[in-house]
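Analysis of the macromolecular model
Residues per chain, in single letters:
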Amino acid sequence: MALKSLLVLGLLIGCIALPLAQAQLGGLGGLLGPIFGLLRIQGILFCTPNGNVGVSATATPVFPNALVQLQCGGNVVSTATTDSSGVFSILMDPVNFLLSTLLSGCRLAVNTPLASCNASLPSVGGLASNLQFVGNTVAGLLNVANLVPTGFQFNANLH
Ligand SMILES: *[C@@H]1O[C@H](CO)[C@@H](O)[C@H](O)[C@H]1NC(C)=O
């Protein structure tokens, strides 16, 4: 009986401790530290042959209404649409996704043809980028692990 309740207690602690450990990835605020964690993938898509910013950021047109997919192991796990400023943001629950998995096994893919923002750009193919971690933002009990694209590349065979 005692052994059984110990086991149950152990399981309980495990269930609480694991998300906590993941939420605290990297940036511990205080002694207690943040309790809730989020992974945020954010970026701006530009209307250029490779989707990246040109020499002058203010002069580079953005790519609005583009569907940005987060693909992991070939599967689409989340999507976002760029707004009128070309900005996209994808939030992930760190209980389901480890930062290391996002960095090593996932990528962003944009299948919306570049021609939809500039008719001189290709109407087939798409853009793809790996992800990089750029630091944690701690706000009270919330810890946000920030990820951004390493840089998009045009891929004529992207699907
Ligand atoms: C459209 O794309 C072409 C080719 O990259 C570029 O020369 C042109 O300046 C772009 N037009 C606009 C309005 O951005």
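I will try to describe carefully the structure that is included in this document. Since we're looking at a predicted model, the values are computed, not measured.

As a further point, take the overall build of the protein chain. When its secondary structure is counted, the protein chain shows 2 helices and 9 strands. When the elements of the protein chain are put in sequence order from the N terminus, they spell out α-β-β-β-β-α-β-β-β-β-β. Counting over 159 residues, the protein chain shows a buried share of 35%. Of the contacts made within the protein chain by residues no fewer than 6 positions apart, 58% connect residues no fewer than 24 positions apart. When the accessible surface of the protein chain is totalled, it reaches about 8,900 Å², and 64% of it is carbon and sulfur.

Right, let's talk about the pairing of strand 4 (residues 87–92) for a bit. Burial along strand 4 is one-sided: the face carrying Phe88, Ile90 and Met92 is buried and the face carrying Val87, Ser89 and Leu91 is not. In this structure, strand 1 (residues 36–44) lies alongside strand 4, joined through 6 bridges in antiparallel fashion. Residue Gln42 lies in a different strand from strand 4, and its bridge partner there is Ser89.

On to the site of the ligand, then. What surrounds the ligand is the set Pro49, Pro61, Asn118, Ser120 and Leu121. Between Asn118 and the ligand, the recorded distance is 2.3 Å, taken from a side-chain N or O atom to an oxygen atom. Each residue belonging to the shell around the ligand can be placed in one class, and the counts come to 3 nonpolar, 2 polar and no charged.

In a beta sheet, neighbouring strands pair by backbone hydrogen bonds and run either parallel or antiparallel. Reading across the sheet, the 5 strands line up as 3-2-5-6-9 and stay open at both edges, with antiparallel pairing between neighbours. The sheet is open, and its two borders are formed by strand 3 (75–81) and strand 9 (153–155), each paired with just one other strand. The average undirected angle you get between the axes of adjacent strands in this sheet is 30 degrees. As judged from the 6 bridges shared by strand 2 (residues 67–72) and strand 3, these two strands associate in the antiparallel manner.

Before going further, it helps to examine the side chain of Ser129. Tracing the chain through its elements places Ser129 in strand 6 (residues 126–129). At a separation of 3.1 Å, a polar atom in the side chain of Ser129 contacts the main-chain amide nitrogen of Thr150. Within the structure, the side chain of Ser129 is placed 3.1 Å from the backbone nitrogen of Gly151, a separation counted as a polar contact. Not counting residues within four places of it along the chain, the set of residues in contact with Ser129 comprises Arg107, Leu108, Pro149, Thr150, Gly151 and Phe152.

Geometry of an aromatic ring pair is reported as the spacing of the ring centres plus the angle between the planes. Throughout the structure, instances matching the rule amount to 1 aromatic pair. When the ring of Phe88 is compared with that of Phe152, the centres are 6.5 Å apart and the planes differ by 75 degrees; the resulting orientation is edge-to-face. With Phe88 in strand 4 and Phe152 in the loop between strand 8 (142–149) and strand 9, this residue pair connects regions lying 64 residues apart in the sequence. Both residues of the pair, Phe88 and Phe152, belong to the buried class.

The bond known as a disulfide is covalent and runs between the sulfur atoms of two cysteines. Following the criterion strictly, the structure yields 2 disulfides and no others. With a sulfur-sulfur separation of 2.1 Å, Cys47 is cross-linked through a disulfide to Cys117. Because the sign of the S-S torsion sets the handedness, a value of about 100 degrees for the bond joining Cys47 and Cys117 places this disulfide among the right-handed ones. Here the residue Cys47 occupies a position in the loop between strand 1 and strand 2, and Cys117 occupies one in the loop between strand 5 (106–110) and strand 6, the gap between them amounting to 70 residues. Here Cys72 connects covalently by a disulfide to Cys106, the sulfurs 2.1 Å from one another.

Take unusual backbone geometry next. Positive phi values are uncommon outside glycine, yet Asn65 reaches one of about 55 degrees. As for its placement among the helices and strands, Asn65 is situated in the loop between strand 1 and strand 2.

Conventions used here
Residues numbered from 1 in each chain as written. Predicted model: local features only at pLDDT ≥ 70, side-chain atom pairs only at ≥ 80, totals over all residues. Heavy atoms only, no water. Helix = DSSP H or I, 4+ residues; strand = E, 2+ residues; numbered from the N terminus. Buried < 20%, exposed > 50% of the residue type's maximum accessible area, 1.4 Å probe, protein only. Contact = heavy atoms within 4.5 Å. Areas by Shrake-Rupley, 256 points an atom, 1.4 Å probe, with all protein chains shown as cover. Pairing = 2+ DSSP bridges. Near = heavy atom within 4 Å. Polar contact = N/O pair within 3.5 Å; in protein donor to acceptor, adjacent residues only side chain to side chain. Nonpolar A, V, L, I, M, F, W, Y, C, P; charged D, E, K, R; others polar. Axes fitted to C-alpha atoms, helices over the stretch in contact; angles between N-to-C directions. Phe/Tyr/Trp six-rings, centres within 6.5 Å; stacked < 30°, edge-to-face > 60°. Disulfide = S-S within 2.5 Å.

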